[in-house]
Amino acid sequence: ALKAYGKALELTPEDTALLTEAGFAWQRIGRMDYAAEAYRTAIGVNPRFARVHIYLGSLLWETGRLDDAIVEYGRALESEPTSSLAAYNLGLAFEAKGLREEAVKVWRSFLEKAESARDPDGWGLKIRDAVARLTAPAANPPLAESVSTK
């Protein structure tokens, strides 16, 4: 696949989608350096292309840079406010940092904006499930129940 991307990029070196997918192919085989370079090149060509920010966010999270991943997921959501994948990942990143209220806020905001948006991949449903999981009474027990007395 990488050879095909290389040949295609020789013909259209500023194709943002192609650069992004090439980066993802590099990321899948563990070449984070080449993946990051492809993503940064794609962002240089079109900084409003949401998918490249999502993919770069996943690379950053995968390499232990969760704060930077949050920034990229936020950029993706700014570029495409109805991107369910960007919203889902941003919320998960906040949750991973222990910022549950921020996660729920992002997810609820997305659900309000995207109520009528198409969700072919089902991420909207996953967002609804995540909100329910984080806001369920068992997820936030009253203080008296959360302190162990034994």
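The text that follows walks through the structure, step by step, so that each part is easy to find.

### Section: the side chain of E72
Mapping E72 onto the fold places it in helix α5 (residues 66-79). If sequence neighbours within four positions are ignored, E72 has contacts with I43, H53, L56, G57 and L60.

### As for the packing of helix α6 (residues 84-96) against helix α8 (residues 123-135)
Their axes nearest at 9 Å, the elements α6 and α8 cross at an angle of 25 degrees. Relative to α8, α6 is oriented roughly parallel. As for how α6 packs across α8, the hand of that crossing is left-handed. Counted together, S84, L85, A87, Y88 and E95 of α6 and W123, G124, K126, I127, R133 and L134 of α8 form the full contact between these two elements. A class-by-class count of the residues in the contact of α6 with α8 yields six nonpolar, two polar and three charged.

### Considerations on the nonpolar core
Membership of the largest hydrophobic core comes to 38 residues, with the highest contact counts inside it found for Y39, L59, L90, W107 and I127. Sorting the residues of this core by element identifies α3 (32-45), α4 (50-62), α5, α6, α7 (100-113) and α8 as the ones contributing at least two each. Aside from chain neighbours lying at most four places away, what touches I127 is S84, A87, Y88, W107, F110 and L111.

### Describing the environment of F94
Along the chain, F94 falls in helix α6. With residues up to four places along the chain from it excluded, the contact list for F94 reads I70, L99, R100, E102, A103 and V106.

### Things to note about the environment of G44
On the secondary structure map, G44 appears in helix α3. Separated by 28 residues in sequence, G44 and T16 place their C-alpha atoms 8.9 Å apart.

### With respect to the packing of α6 against α7
Two numbers describe how α6 lies on α7: the axes approach to 7 Å, and their chain directions differ by 165 degrees. One finds that α6 runs roughly antiparallel with respect to α7. Between α6 and α7 lies a crossing whose hand is left-handed. Contacts from S84, A87, Y88, L90, G91, L92, F94 and E95 of α6 reach α7 at R100, E102, A103, V106, W107 and F110. Across the contact of α6 with α7, the residue classes tally to nine nonpolar, two polar and three charged.

Procedures and definitions
- Residues numbered from 1 in each chain as written.
- Predicted model: local features only at pLDDT ≥ 70, side-chain atom pairs only at ≥ 80, totals over all residues.
- Heavy atoms only, no water.
- Helix = DSSP H or I, 4+ residues; strand = E, 2+ residues; numbered from the N terminus.
- Contact = heavy atoms within 4.5 Å.
- Axes fitted to C-alpha atoms, helices over the stretch in contact; angles between N-to-C directions.
- Parallel < 35°, antiparallel > 145°, perpendicular 65-115°, else oblique.
- Left-handed = near helix turned anticlockwise from the far one by under 90°.
- Nonpolar A, V, L, I, M, F, W, Y, C, P; charged D, E, K, R; others polar.
- Core = buried A, V, L, I, M, F, W, Y, C linked by side-chain atoms within 4.5 Å.
- Buried < 20%, exposed > 50% of the residue type's maximum accessible area, 1.4 Å probe, protein only.

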